[in-house]
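Fold and contact review
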Amino acid sequence: MKHLITLCYVGLLSAALMPAHGRDQLTLRLVQTIPLSGVGGRLDHMAVDLEKNRLFVAAVANGTLEVLDLDRGKVINSIPGIKDTQDALFLGGQFNKLYVSSLDGTLRIFQGETFRLIQALKLEPDPNRLLYDPATDLIYFGYGGQNAGYDAYERVGILQAKRGAR
């Protein structure tokens, strides 16, 4: 089974590195650079709000989640007090919530406009890579790895996303 997974990863990586046929232009190009003043050290996962054109950046070493306005090209908010920020997930529309995980096992849920903390859930250490399934309104997160005292990221948590401000 491990060989099959490794083979799939190698195939995906090879496909990504091969040039696209019939194209003379690059598929990716730099369109914008936004300075993160006062942010130093490692960054981790990012999330996007396509409705309001915002980008959420986990600034691990800073203990913040940076909120960028992509239209204006600047940082519009910095949510402090999140030690070892790992990942963020923004659900717009009827949810209007921002979910932020941290290494200590806390999943913080913020209101999507004011970034007021709605709830902090204590989970096992190192919840990472938040993923949303719109068919079920479930949020999945992987956790584990050396930071949590496990050999690998092989554990999965599930959270029911709730609509509304509460």
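Another aspect to go through is the pairing of strand 2 (residues 54-59). Counting buried positions over the six residues of strand 2 gives six, a clear majority of the element. Burial of the side chains of strand 2 extends over both faces: Arg54, Phe56 and Ala58 are buried on one face and Leu55, Val57 and Ala59 on the other. Relative to strand 2, strand 1 (residues 43-49) runs antiparallel, the two being bridged by five bridges. Within strand 2, the position partnered with Val48 by the bridge is Leu55. The antiparallel pairing of strand 1 with strand 2 creates a hairpin that spans four residues between the two strands, and Asn53 there sits at a positive phi of about 55°. Where strand 2 lies against strand 3 (residues 64-69), six bridges are found, and the strand directions are antiparallel. Note that in strand 3 the partner of Arg54 across the bridge is Asp69. Between the end of strand 2 and the start of strand 3, which pair antiparallel, lie four residues, with Gly63 showing a positive phi angle near 70°.

For the rest of this paragraph, the subject is the packing of aromatic side chains. Under the defined criterion, the tally for this structure stands at three aromatic pairs. For the ring pair Phe56 and Phe90, a centre distance of 5.5 Å and an interplane angle of 20° mean the geometry is stacked. Residue Phe56 is found in strand 2, and its partner Phe90 is found in strand 5 (residues 85-91); the two are separated by 34 residues along the sequence. The burial state of Phe56 is the same as that of Phe90; both residues are buried. Ring-pair connections join several aromatic residues into one group, and the members of that group are Phe56, Phe90 and Phe115. A cation sits over an aromatic face here: Arg54 above Phe90, 5.1 Å from the ring centre.

All right, on to the confidence of the model for the protein then. For the protein, the average pLDDT comes to 83, and 78% of its residues sit at 70 or higher. Here helix 1 (residues 2-17) stands out as the least confident element of the protein, with mean pLDDT 44; strand 3 is the most confident, with 96. Note that residues 1-14 has pLDDT below 50 and, in this model, zero contacts with residues that lie over four places away or in other chains.

Now for the sheet that holds strand 11 (residues 155-160). As summarised here, the arrangement of the three strands in space is 9-10-11, forming an open sheet in which the pairing is antiparallel. Edge positions in the open sheet fall to strand 9 (127-133) and strand 11, since each of these has one partner strand only. Neighbour-to-neighbour, the strand axes of this sheet turn through a mean angle of 25°, independent of strand direction. Pairing of strand 9 with strand 10 (residues 138-143) involves six bridges; the strand directions are antiparallel. Bridge pairing links Asp133 to Leu138 in strand 10.

Let's shift gears to the sheet that holds strand 1. The strands making up a sheet associate through backbone hydrogen bonding, with each pair oriented either parallel or antiparallel. Read across the open sheet, the four strands follow the order 1-2-3-4; overall the sheet is antiparallel. The outermost strands of the open sheet, each flanked by one partner alone, are strand 1 and strand 4 (74-79). With strand direction ignored, the average angle separating the axes of adjacent strands in the sheet is 25°. For strand 3 and strand 4, the ladder comprises five bridges, and the chain directions are antiparallel. Paired with Leu65 across the bridge in strand 4 is Ile79.

Within the largest apolar cluster, 13 residues are counted, with the highest numbers of intra-cluster contacts made by Phe56, Leu65, Ile79, Ala88, Leu98 and Val100. Elements supplying a minimum of two residues to this core: strand 2, strand 3, strand 5 and strand 6 (97-102). Setting aside residues no more than four positions away along its own chain, Phe56 makes contact with His45, Met46, Ala47, Val48, Asp49, Leu65, Glu66, Val67, Ala88, Phe90, Leu98 and Phe115. Counting residues in hydrophobic clusters, the runner-up holds 12 residues, among them Leu107, Ile139, Tyr143 and Leu159.

Criteria and thresholds
Residues numbered from 1 in each chain as written. Predicted model: local features only at pLDDT ≥ 70, side-chain atom pairs only at ≥ 80, totals over all residues. Heavy atoms only, no water. Buried < 20%, exposed > 50% of the residue type's maximum accessible area, 1.4 Å probe, protein only. Helix = DSSP H or I, 4+ residues; strand = E, 2+ residues; numbered from the N terminus. Pairing = 2+ DSSP bridges. Phe/Tyr/Trp six-rings, centres within 6.5 Å; stacked < 30°, edge-to-face > 60°. Lys NZ or Arg CZ within 6 Å of the ring centre and 35° of its normal. pLDDT = per-residue confidence, 0-100. Contact = heavy atoms within 4.5 Å. Axes fitted to C-alpha atoms, helices over the stretch in contact; angles between N-to-C directions. Core = buried A, V, L, I, M, F, W, Y, C linked by side-chain atoms within 4.5 Å.

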